[in-house]
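Single-letter residue listing:
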Amino acid sequence: MPKFTSVSHLDLTVSDAERSADWYCTVLGLRRLRRADLDNRIMIVLQHEDSGLIIGLNQHHDPAADRFDEHRPGLDHVGFAVTDRDDLIAWQARLSALGVEHSPVTDSPSGSGTALVFRDPDNIQLELWWSRPR
């Protein structure tokens, strides 16, 4: 079977690319790389310095819906890994300080890890996740 090595990039559809870019840069500390004004959409490319993950924010000129809904087929949520459980406590404090609504730091029922859940301006569910060592 052919293999792949990692996720190279993640593209999200948003209602306002500039607003979302500002939010992702402020909340998650991403760095803005470029903006492209294309025929069918505006695309802003961001990068997470530590992991190298590229996130593209796409504002389509003819959107199909107003807000994200994980109950529709497609993306459910995006999970970002943290090094240890204490990182989640620090993220919880950061999100609170920025006025971002979020869940409490919650251990999974299966005992496999701990999550902190929040949403971006378009209601896309994001999660910070710590995997419990086995």
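The structure we're discussing is the one just above.
This text gives an overview of the structure that appears in the document. Predicted model only: the values in this text are computed from it and were never measured.

## What about the packing of aromatic side chains?
Piece 1. All chains considered together, the criterion is met by two aromatic pairs.
Piece 2. Plain terms: the ring middles of W23 and Y24 are 5.0 Å apart, the flat faces sit at 75° to each other, and that makes the pair edge-to-face. Both residues of the pair, W23 and Y24, count as buried.
Piece 3. Linked through ring pairs, W23, Y24 and F118 together constitute an aromatic cluster.

## Notes on the environment of T5
Piece 1. If you trace the backbone, T5 turns up in the segment before β1 (9–13).
Piece 2. Classification of T5 by relative accessible area gives exposed; the value is 82%.
Piece 3. The spacing of T5 and E127 is 122 residues in sequence and 22 Å in space, taken between C-alpha atoms.

## Looking at the packing of helix α1 (residues 17–28) against helix α2 (residues 85–97)
Piece 1. Where α1 meets α2, the axes come as close as 10 Å, and the angle between the chain directions of the two elements is 135°. Classed by the angle they form, the pair α1 and α2 counts as oblique. Across the interface between the two elements, T26, V27 and L28 of α1 pack against W91, R94 and L95 of α2.
Piece 2. Here the residues of the contact of α1 with α2 sort into four nonpolar, one polar and one charged.

## Observations concerning the sheet that holds strand β8 (residues 125–131)
Piece 1. Strand order in this open sheet of four strands is β5-β8-β7-β6, and the pairing throughout is mixed. Edge positions in the open sheet fall to β5 (78–81) and β6 (106–107), since each of these has one partner strand only.
Piece 2. With two bridges joining them, β6 and strand β7 (residues 113–119) adopt antiparallel strand pairing. Looking at β7, one finds that T106 is bridged to A115.

## Comments concerning α1
Piece 1. Here α1 is twelve residues long and its end C-alpha atoms lie 16 Å apart, about the 16 Å a rise of 1.5 Å per residue gives.
Piece 2. Those residues of α1 lying buried are A17, S20, A21, W23, Y24, V27 and L28. Viewed along the axis of α1, the buried residues span an arc of 165°, placing them on a single side of the element.
Piece 3. One side-chain oxygen of the residue at the start of α1 lies 3.2 Å from the amide nitrogen of E18, identifying that residue as D16.
Piece 4. Just downstream of α1, G29 is the residue with a positive phi angle, here 75°.

## Describing the side chain of D122
Piece 1. Within the element layout of this structure, D122 appears in the loop between β7 and β8.
Piece 2. For D122, the side chain forms a polar contact with the side chain of S15, separated by 2.5 Å.
Piece 3. Within polar-contact distance, the side chain of D122 engages the side chain of S20 at 3.5 Å.
Piece 4. Ignoring anything within four residues of it in the chain, the contact list for D122 reads V14, S15, D16, R19, S20, D66, R67 and F68.

## Considering the sheet that holds strand β4 (residues 54–60)
Piece 1. Judged by pairing direction, the sheet is mixed, and its four strands sit side by side in the order β1-β4-β3-β2 without closing on themselves. Sheet topology places β1 and β2 (31–37) at the edges, where each strand pairs with a single neighbour. Taking the axes of each pair of neighbouring strands and ignoring which way they run, one obtains an average angle of 20° across the sheet.
Piece 2. As judged from the seven bridges shared by strand β3 (residues 41–47) and β4, these two strands associate in the antiparallel manner. Each residue of the ladder has a partner; that of L46, found in β4, is I55.
Piece 3. Seen against the sheet, α1 touches β1, β2, β3 and β4 and runs at an angle of roughly 10° to β3.

Calculation criteria
- Residues numbered from 1 in each chain as written.
- Predicted model: local features only at pLDDT ≥ 70, side-chain atom pairs only at ≥ 80, totals over all residues.
- Heavy atoms only, no water.
- Phe/Tyr/Trp six-rings, centres within 6.5 Å; stacked < 30°, edge-to-face > 60°.
- Buried < 20%, exposed > 50% of the residue type's maximum accessible area, 1.4 Å probe, protein only.
- Helix = DSSP H or I, 4+ residues; strand = E, 2+ residues; numbered from the N terminus.
- Axes fitted to C-alpha atoms, helices over the stretch in contact; angles between N-to-C directions.
- Parallel < 35°, antiparallel > 145°, perpendicular 65-115°, else oblique.
- Contact = heavy atoms within 4.5 Å.
- Nonpolar A, V, L, I, M, F, W, Y, C, P; charged D, E, K, R; others polar.
- Pairing = 2+ DSSP bridges.
- Expected span 1.5 Å × (residues − 1).
- Arc of directions from axis to C-beta.
- Polar contact = N/O pair within 3.5 Å; in protein donor to acceptor, adjacent residues only side chain to side chain.

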